[in-house]
Each structure stands twice: as structure tokens, then as C-alpha cells.
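# Breakdown of the fold
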Amino acid sequence: MLSLLKQRKNSVFLILFSAFFFSLVFTTNDINSKVLIVLLALSIPFFEFQKLLKTVKIHLPLLVLFFLIVLSLIYTENIDTGLQKVQRVLVIPLFFFIFPFVNLSNKLISKILLLFVITIAIATLYSHGVVLNSFIQNGESNFRNLFNLNYSYLVLGNTLDLHPTYYAYFIIIAITIVIKFLKETQPLVLKLLLVFLILYFSFFIVHLSSRIGIVALYVVLLLNLVRHIRKHKSWIKGVVVLFAIHGLLAFIVLNVGVTKYRFQHIFGFEYYTGYKVNDGQHKLKLWNAAIGANENFLFGNGMGDINSALKEKFASLKSTKAITENYNSHNQYIEYYVGLGFLGFVVFTYLLLYYGYMFLKHGNFLGFQFIVITAILCLTESLWSRHHGIVFSVIFLGVILGLNNHIPTSNRPSKNF
């Protein structure tokens with residue numbers, strides 16, 4: 001059995017990583033966790049202690065964050081909730097017992113990334129199929145109605161039981177992968193197909209009306225444009241495209257259904273019925289309340305007491321909606337500050353900077369974009385406090401880190417970056 005596994009190693013791990021991404025998007029957390037357990041079980045036969053030590057040394061910030069979360073159980077009052085928080089980040093130690101031993105080659109990584117893109121393409125087509133069918137069944141007479149609340153934002157995400165922010169997270173990562181394939185592809189027909197896929201995925205993010213997702217998409221497009229201009233020194237063409245992108249995004253934000261209103265809500269908006277919305281002010285109050293919920297500046301309240309501390313603070317501020325809807329801090333940096341104190345905030349921020357620099361140093365542009373996207377989404381979402389965020393982030397990080405194994409280490413950023 002073991003010899004057969006070694007012979008079919010690449011095929012087995014390709015299937016398992018594909019199953020992981022597919023189960024993450026289309027099935028329950030329970031099934032996705034079981035796929036991870038199988039992946040771990042099939043990695044153990046390839047275990048080497050020296051590789052484990054090397055991995056621990058390289059990825060120490062990730063391990064430190066995990067141990068901070070575990071150690072917070074010592075001073076947290078709600079042990080049951082704390083254990084749930086620890087259970088949610090068990091993917092971190094799994095990282096250390098999977099990726100040092102699977103030995104992903106560039107060819108295998110490319111196949112895994114391709115299958116992830118295919119998974120996201122199937123997901124988006126399915127979601128659009130569901131809402132379009134509903135649109136037709138309801139006898140809508142105006143195509144613009146496709147962009148109202150009945151067919152976009154939460155409704156579109158609920159077709160797969162995904163929050164729009166997390167759905168957008170997966171799609172934006174898929175876009176960065178498609179851009180990578182586009183740069184490596186020669187046949188014109190395939191290039192056109194990839195360009196169409198980028199446009200379709202981008203359209204889907206706008207249709208999702210995830211504001212932070214649209215901001216992250218904008219940053220990705222900007223990063224790739226700047227990189228292209230720098231590499232080809234096509235400054236005039238680059239400036240023209242830059243203005244075109246800004247013009248297109250401005251048109252979309254100001255004219256596309258619920259997406260327009262969601263951006264207007266940031267700065268305050270009043271409907272004709274007299275109903276007023278100011279999401280920007282609301283978010284600032286939420287963050288301020290969350291920061292104030294920390295009772296221990298250095299070590300925090302403990303991960304198990306985050307929710308109870310937030311509820312107490314929301315109650316003191318008479319924020320009924322935040323209490324009834326069980327709001328978290330909607331910011332991963334603040335979430336760790338409340339649970340792990342300033343120490344946790346510093347460790348998590350350093351972790352993102354550490355991997356961002358690592359990818360930059362080795363010329364891994366895909367990895368660098370991944371860190372930038374994750375850092376941006378963490379500004380308005382407690383991304384690493386939910387299964388879809390932490391599990392996807394850690395496993396995807398492990399996959400794309402494999403690309404570094406074939407790039408020489410240097411003390412300067414790669415010229416290929």
C-alpha cells in the first residue's frame with residue numbers, strides 16, 4: 001500500500017488538494033475538515049524529522065500565533081468558546097505536518113492552481129445560473145433589476161452559503177492565478193479565453209457587491225499594471241490603461257445597482273423613504289467599541305472571551321443591532337488585539353509582513369498578491385476567525401510557498417518580480 005502511494009504520490013495529492021478546494025466551496029465545513037484529515041494521514045508516511053525542524057524554523061511566526069491562541073486558554077474564562085477557537089486554527093499545526101513532506105513540484109502546483117480556478121469557475125457559473133433562473137421565473141422585465149438586492153450581494157452568495165466577502169476572496173485569488181497563466185501562455189486563443197475569464201470573475205465580484213472585495217480587486221489590477229509597465233517600460237500605454245481602469249471602476253461604482261448604494265452607504269445615504277444609512281460611521285463605532293473591549297493591553301482577554309467582551313461593550317453603547325446579530329469586530333487585527341492583546345496584534349501583523357517580504361524576496365508575485373489581498377480583507381472581516389478564511393489562507397499559503405523551492409535565495413528582491 002505504501003509503495004503504491006509513493007508511486008502515485010503526485011496524482012494522490014493532486015486529487016486531495018482539488019477535493020479540499022471543492023469541498024471548501026461547495027460542501028459543509030465538516031466535510032472539508034475530513035478532507036484535510038485524509039491529506040494529513042497520507043502525508044505522514046513521508047515524514048522526516050529534519051524537514052519538520054527546517055519548516056518550523058522558516059515558518060516560526062505562524063507557529064507562534066498558534067501557540068499564543070492556545071496559551072490564551074490559561075486566562076480565558078469561557079473555556080468552551082476558547083477551545084472552539086483553538087479547534088478552528090488546528091489547520092496551522094496541520095500545515096507543519098503536511099507541506100514539508102508532500103514535495104510539491106512547480107508542475108504539480110500549476111495543476112492544483114488550475115483545478116482551483118476551474119472550481120471557482122464552476123461555482124460562479126452555478127451561482128449565476130441560480131439567480132438568472134430566479135430572475136426569469138419572476139418575470140423581470142428590466143435587465144437592470146438583476147443588480148438589485150433580489151439577485152445580488154447576499155442572495156448571490158447564499159447560492160453556495162458563502163458570505164460575499166469570502167466568496168470574493170476566493171474569486172480574487174483565482175483572478176491572480178489566471179493572470180499568472182496569461183503571462184505564461186503563448187497561444188492567442190488561450191490568451192483570449194483567459195482574458196475573458198478575468199473579465200467574468202471581475203464582473204462577478206462587482207455583482208457580489210462586496211466593497212472590500214472590489215477594493216482588493218482594484219489593488220490587484222493596479223499591482224499587475226505597475227509590474228507590466230515596469231517590466232516593459234511602456235509608460236504611455238500604462239498611463240492610458242490606468243486612466244481607463246479608474247474610469248471603468250468609477251462608472252461601475254456609480255451606476256451598477258446595489259453596488260452603487262453600498263458604496264454610497266459608506267459616506268452616508270438617505271433613501272426617498274427617509275431611511276438613513278451610514279456604514280462608515282457605523283464601522284468606526286464598531287471598531288472603537290471592539291478596541292475598548294480589551295481589558296488587558298498586552299495579552300488581551302483570551303480568545304474564548306472575545307465575543308462576551310464585545311457584547312458587554314456593545315450593550316454599554318446601546319448598540320442593539322450589534323448585539324442581536326452577534327457581531328464580531330469585523331477586523332482581524334482588532335479581533336486578535338481583543339483576544340491576544342497588543343502582543344497578538346503585533347505577531348499577526350508581523351506574520352503578514354514576513355510572508356509578504358518572503359514572496360517579494362523570491363520573486364513569487366502570486367504569493368505577494370495573496371498576502372496583499374488577505375491583509376486588505378482583514379481590515380473589514382475577521383478572516384482568520386472563520387473556517388473559510390483561516391483554512392483556505394493556510395492551505396493556499398502552503399501550496400504557493402512550494403513555488404519558492406525552485407527559486408534561488410538572495411538578499412535582494414528578484415529581478416523577475
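Once a new chain begins, its residue numbering starts again from 1 and follows that chain's sequence as written. Whole-chain, interface and lining totals are the exception, using all residues; otherwise, since this is a predicted model, local features are given only for residues with pLDDT of at least 70 and side-chain atom pairs are given and counted only at 80 or more. Note that the side-chain values use all heavy atoms of the structure and ignore hydrogens as well as water.

### A few points about the overall build of the chain
The line we're drawing: Comment: elements are numbered from the N terminus, with helices defined as DSSP H or I runs of at least four residues and strands as E runs of at least two. Summary of the burial criterion: residues with accessible area below 20% of their type's maximum are buried, those above 50% are exposed, and those between are partly exposed, where the area comes from a 1.4 Å probe applied to protein chains only. Pairs of residues are marked as contacts when any of their non-hydrogen atoms sit within 4.5 Å. Only the protein chains shown count as covering a residue, and every accessible area follows the Shrake-Rupley method with a 1.4 Å probe. For the purpose of counting charges, residues Lys and Arg are taken to be positive, whereas Asp and Glu are taken to be negative. His and the chain ends are not included. Charge positions are represented by NZ for Lys, CZ for Arg, CG for Asp and CD for Glu.
For the chain, the count of helices and strands is 20 helices and 2 strands. Oriented by its inertia axes, the alpha-carbon framework of the chain measures out at about 70 × 60 × 45 Å. Within the chain, buried positions represent 51% of all 417 residues. Within the chain, contacts between residues at least 6 apart in sequence are counted, and of these 76% link residues at least 24 apart. On the chain, roughly 20,700 Å² of surface is accessible, and the fraction owed to carbon and sulfur atoms is 65%. In the chain, 34 side chains carry a positive charge and 15 a negative one; their mean positions are 18 Å apart.

### A word on the packing of aromatic side chains
Counted only if it meets this: Any Phe, Tyr or Trp ring, taking Trp's six-membered ring, that has another such ring centre within 6.5 Å forms a pair; planes under 30 degrees apart are called stacked, those over 60 apart edge-to-face, and the others tilted. A ring is considered to have a charge above it if a Lys NZ or an Arg CZ atom is located within 6 Å of its centre and within 35 degrees of its normal.
Counting across every chain of the model gives 33 aromatic pairs. Consider the rings of Phe95 and Phe99, whose centres lie 5.3 Å apart with planes at 45°: the pair is tilted. Taken together, the residues span about one helical turn, with Phe95 and Phe99 both in helix α7 (residues 91-102) at a distance of 4 residues. Its relative accessible area of 1% is what places Phe95 among the buried residues. Take Phe99: its relative accessible area is 12%, and that puts it in the buried class. Taken together through their ring pairs, the aromatic side chains of Phe20, Phe21, Phe116, Tyr169, Phe170, Phe370, Phe392 and Phe396 make up a single cluster. If you follow Lys9 out to its NZ or CZ, it ends over the ring of Phe46, 4.3 Å from the centre.

### Points about the side chain of Thr119
As for its position among the elements, Thr119 is in helix α8 (residues 106-137). The buried category is assigned to Thr119, whose relative accessible area is 7%. Every residue in contact with Thr119, bar those within four places of it in the chain, is listed here: Phe21, Phe22, Val25 and Phe26.

### Notes on helix α2 (residues 9-26)
In plain terms, the rule: Helix span, expected: 1.5 Å multiplied by one less than the number of residues in the helix.
Taking 1.5 Å as the rise per residue, α2 with 18 residues should run 26 Å; its terminal C-alpha atoms sit 25 Å apart, in good agreement. Three or more residues of α2 are buried, namely Lys9, Phe13, Leu14, Leu16, Phe17, Ser18, Phe20, Phe21, Ser23, Leu24 and Val25.

### A closer look at empty space enclosed by the protein
Formally: Only protein atoms enter the 1 Å grid used here. Points where a 1.4 Å probe fits but cannot escape make up a cavity, open sets with protein on both sides within 12 Å along at least five of seven lines make up a pocket, and a residue lines them when an atom lies within 4 Å of a point. Grid points are joined across faces, edges and corners, and a volume is the space filled by probe spheres set on the points. Three residue categories are used. Nonpolar comprises Ala, Val, Leu, Ile, Met, Phe, Trp, Tyr, Cys and Pro, charged comprises Asp, Glu, Lys and Arg, and polar comprises the others, including Gly.
Using the criterion set out here, one finds 2 cavities of 30 Å³ or more in the structure. Of the volumes computed, that of the largest cavity is approximately 40 Å³. Lining the largest cavity, in full, are Lys85, Arg88, Val89, Met303, Trp384 and Ser385. Of the residues belonging to the lining of the largest cavity, the class tally is 3 nonpolar, 1 polar and 2 charged. As a volume, the second largest cavity reaches approximately 30 Å³. Lining the second largest cavity, in full, are Leu351, Leu352, Tyr355, Phe370, Ile371, Thr374, Trp384 and Leu397. Going through the elements one at a time, α18 (332-361) and α19 (365-377) are the ones with two or more residues in the lining of the second largest cavity. Across the lining of the second largest cavity, the residue classes break down as 7 nonpolar, 1 polar and no charged.

### Observations regarding a nonpolar patch on the surface
To keep things clear, this is the line we draw: Patch building starts from residues that exceed 30% relative accessible area and form no salt bridge, then joins like charges within 9 Å and nonpolar side chains (Val, Leu, Ile, Met, Phe, Trp, Tyr) within 5 Å. Throughout this description, the term salt bridge denotes a Lys or Arg side-chain nitrogen within 4 Å of a carboxyl oxygen of Asp or Glu.
Residues Phe67, Leu71, Ile74, Tyr75, Phe297, Leu298, Phe299, Phe342, Leu343, Phe345 and Val346 make up a contiguous nonpolar surface patch of about 1,000 Å² in total accessible area. Counting only elements with at least two residues in the nonpolar patch, the list comes to α5 (60-71) and α18. In terms of residue count, α18 provides more of the nonpolar patch than any other element does, 4 residues in total. With respect to the secondary-structure elements, Phe342 resides in helix α18. For Phe342, a relative accessible area of 35% gives the class partly exposed.

### With respect to the packing of α18 against helix α20 (residues 387-401)
Short version of the rule: All axes are obtained by fitting lines to C-alpha atoms, using only the stretch in contact for helices, and the reported angles, taken between N-to-C directions, cover 0 to 180 degrees. Any angle from 65 to 115 degrees is called roughly perpendicular, while one under 35 is roughly parallel, one over 145 is roughly antiparallel, and all others are oblique. It is the rotation of the near helix from the far one that decides the hand of a crossing: anticlockwise by less than a right angle makes it left-handed, clockwise makes it right-handed.
α20 packs onto α18 with a crossing angle of 20° between their chain directions and a minimal axis gap of 12 Å. As summarised for this structure, α18 and α20 are arranged roughly parallel, according to the angle between their axes. Of the two possible hands of crossing, α18 and α20 adopt the one that is left-handed. For the pair α18 and α20, contact is made by Tyr355, Met358 and Phe359 and by Leu397, Ile400 and Leu401, respectively.

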